[in-house]
Amino acid sequence: MTEPTASAGSRPGRSGLIVLLVLALGVALRVRVQFGGRALWIDEAMLALNVVPRGFAGLLRPLDWDQGAPLAWLMLSKLLTMLFGTGERALRAPAFLAALVTLPLVLRVARRELGERAAIVALAIYALMPAVIYQSSEFKPYTFDALFALVIVALHLDAVRPGADELPSRGRLALLAVVGAVSVWFSIPAAFVLAGCGTSVMLGDLLARRTRALRARVLVAAVWVASFAAQFVFLRVLLANPNLESYWQSKAAFLPFPPTTGEDLRVTLEIFFSVFRDPLRSPYTDALDVGTRAGMLLFAASAVGAVALWRRDRRMAGIFVLPFAVAALASASGLYPLQGRLLLFGAPLLALLAGCGIGALRESGERTARGAGVVLLGGLLLWPLAGAADVLQYGPVREEVDDCLAHLAEHAQPGDRLWIYYGARPAYEYYARTVGRFDDSAFVVAFGAPRSPRFEDQELSLRCLVGHGRAWILFSHVHEAEYGDERVAILALLDTLGTRLETFEAPGASLVLYDL
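Rules of the game
- Counting from 1, residues in each chain are numbered in the order their sequence is written.
- Reporting in this predicted model follows two pLDDT cut-offs: at least 70 for local features of residues, and 80 or more for side-chain atom pairs to be given and counted; totals over whole chains, interfaces and linings ignore these cut-offs and use all residues.
- Derived side-chain values reflect all non-hydrogen atoms in the structure, with water molecules and hydrogen atoms excluded from consideration.
- Elements are defined by DSSP. Helices are runs of H or I of four residues or more, strands are runs of E of two residues or more, and each kind is numbered from the N terminus.
- Here the globule rule reads 2.2 Å times residues to the power 0.38, and the radius of gyration is calculated from C-alpha atoms.
- Residue exposure (1.4 Å probe, protein chains only): buried if accessible area is under 20% of the type maximum, exposed if over 50%, otherwise partly exposed.
- Here a residue-residue contact requires only that any non-hydrogen atoms of the pair lie within 4.5 Å.
- All accessibility values rest on the Shrake-Rupley procedure with a 1.4 Å probe; residue burial counts only the protein chains present in the view.
- His residues and chain termini do not enter the charge count, which takes Lys and Arg as positive and Asp and Glu as negative.
- All charge positions are set by atom: Lys at NZ, Arg at CZ, Asp at CG, Glu at CD.
- Helices are assigned an expected span. That span is 1.5 Å times one less than the residue count.
- By salt bridge we mean one thing: a side-chain nitrogen of Lys or Arg within 4 Å of a carboxyl oxygen of Asp or Glu.
- Residues belong to one nonpolar core when they are buried, are Ala, Val, Leu, Ile, Met, Phe, Trp, Tyr or Cys, and are joined through side-chain atoms within 4.5 Å.

Sorry, what's going on with the overall build of the protein chain here?
Tallying secondary structure elements over the protein chain gives 21 helices and seven strands in all. Computed over its C-alpha atoms, the radius of gyration of the protein chain comes to 25 Å, within 12% of the 24 Å expected for a compact globule of 516 residues. Viewed in the frame of its principal axes, the protein chain has a C-alpha envelope of about 80 × 50 × 50 Å. Within the span of the protein chain, comprising 516 residues, buried residues form 54% of the whole. For the protein chain, contacts bridging at least 24 residues in sequence account for 76% of all contacts bridging at least 6. Carbon and sulfur atoms form 61% of the exposed surface of the protein chain, whose accessible area is close to 22,500 Å². Once the 48 positive and 45 negative side-chain charges of the protein chain are each reduced to a mean point, those two points are 12 Å apart.

Shown next as structure tokens:
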């Protein structure tokens, strides 16, 4: 692999225009999802029900609704709600701002380390990754995971760049210590990135017998460990939550170790391929399993990039790869689930590796290698481009409970009752009882039974509506139970108990009116 240069075989003016177009598209997609008017879905609503009503001191206590997030990120989110209100945009502002900062940072790191052509490829892959675009407007900390991972990697790459000082300056060491100490309070997987990057650089110092540099880096790592130990007092609540653990176990999000069977290997690959899966995927992409296929291409290109970096500088390769190894070890130990959004801390690293890999293939003298580079690049960009066009045209939607509540407010009559399916309850609690966007004071409100394998639990609460006239049934985030689709089963029962008068459908939510 050739050393990266500013031009790297492409015309500066042409490459600059391409970079501007890719950046503009990446920003436009993130602006579209942030300002597209999407309602909070169940996961966001449950976290909002902790942040909005509590004060700063209240966020030090274990979170309700089986939620968890880094403490500093929770505090920042609370501060922004106090300054800008408790609406969806204010709640999602931290994720949006972090996503905007990460885009040019990917370009900067790629240009310095990989060269112009590879940098354009890496930027395009990251700018168009569907899960990354979606998380840029999600009330969750995952864009902070990506941002801090990239910053940590960039700071460590300074230590292995050709011509770097054998002993870093005190200023660089202090910056690395502070960034690392702060990052673990905003991002849980930042600890994996610190451990992986630090190990790679310190191993290099140890093998080269750079004793002074090694001692300095050990002191920096001690600062990280002390900061993480203080944060761990807060994190241990997450680790001790059996509901969260059982949820992720049901999602097969913990790596089987060692993978001794074909099923173990399938689960392992599925976990890592899930990084490219689109949370807003369509039935078409679901049927073709496009997300998994694109994830396979992403990891194939990243593997080629890792090999190319290994040949150039083993410490650099370790900086990119070892964070994944540490995260895999934590997952195999049952400490951290790895799947989809929880793997997004590695998205910018994978994009950089994939850009490096595709660049190495295209620069190869072998026709087969160049052809493989074209296939990988096409596979990684064509489907996301189609998805990007869809996002720009229609915007994102997921579980629009607020549309159902708006319809209810307009069409309800005095004396109506409201029965709320348990999957819709968090969003309902947020919109009606926390931020007051829907006035439920005129309704007799009843909540369905929590999730249960027994339909009798739901049936009991539904039969209490009989004999009281009109009743609205609110659905969202419907689960598949042992007896089938819960919405279908509930409506089938109600059809035997009364007369269905009206059905209002919204994306991911619905409202059905009965005369009981």
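On we go.
Teacher, can you tell me more about helix 7 (residues 142-160) here?
Each full turn of the α-helix corresponds to 3.6 residues, which orients residues three or four apart in the same direction. Relative to the 27 Å expected for 19 residues at 1.5 Å per residue, helix 7 spans 28 Å between its end C-alpha atoms, a close match to the ideal helical length. In terms of burial, helix 7 is largely enclosed, as 17 of its 19 residues are buried.

How do you make sense of the pattern of salt bridges when you look at a structure like this?
Should the charged atoms of two oppositely charged side chains come close, the side chains can pair. Under the counting rule described, the total for this entry stands at 19 salt bridges. Across the pair D158 and R172 runs a salt bridge, and its minimum N-O distance is 3.2 Å. You can see D158 sitting in helix 7 and its partner R172 sitting in helix 8 (residues 170-186), a full 14 residues away along the chain. Among the residues examined, D158 registers a relative accessible area of 15% and is labelled buried. Of the charged contacts, one joins R487 and E505 as a salt bridge, the two residues approaching to 3.1 Å between their closest N and O atoms. Of this pair, R487 sits in helix 21 (residues 486-497) while E505 sits in strand 6 (residues 499-506), and the two are 18 residues apart along the sequence. Bridged by salt links that share partners, the residues R38, E44, R92 and E138 form one connected network.

Any chance you could explain the nonpolar core here in plain terms?
For soluble globular proteins, nonpolar side chains are generally found buried alongside one another. By size, the foremost hydrophobic cluster in this structure holds 142 residues, and its most contacted members are I125 and L474. The greatest single-element share of this core, amounting to 13 residues, is contributed by helix 7. Setting aside residues no more than four positions away along its own chain, I125 makes contact with L298, A351, A354, G355, I358, L380 and L381. Ranked by size, the runner-up nonpolar core spans 17 residues in total, among them W419, F475, L491 and L516.

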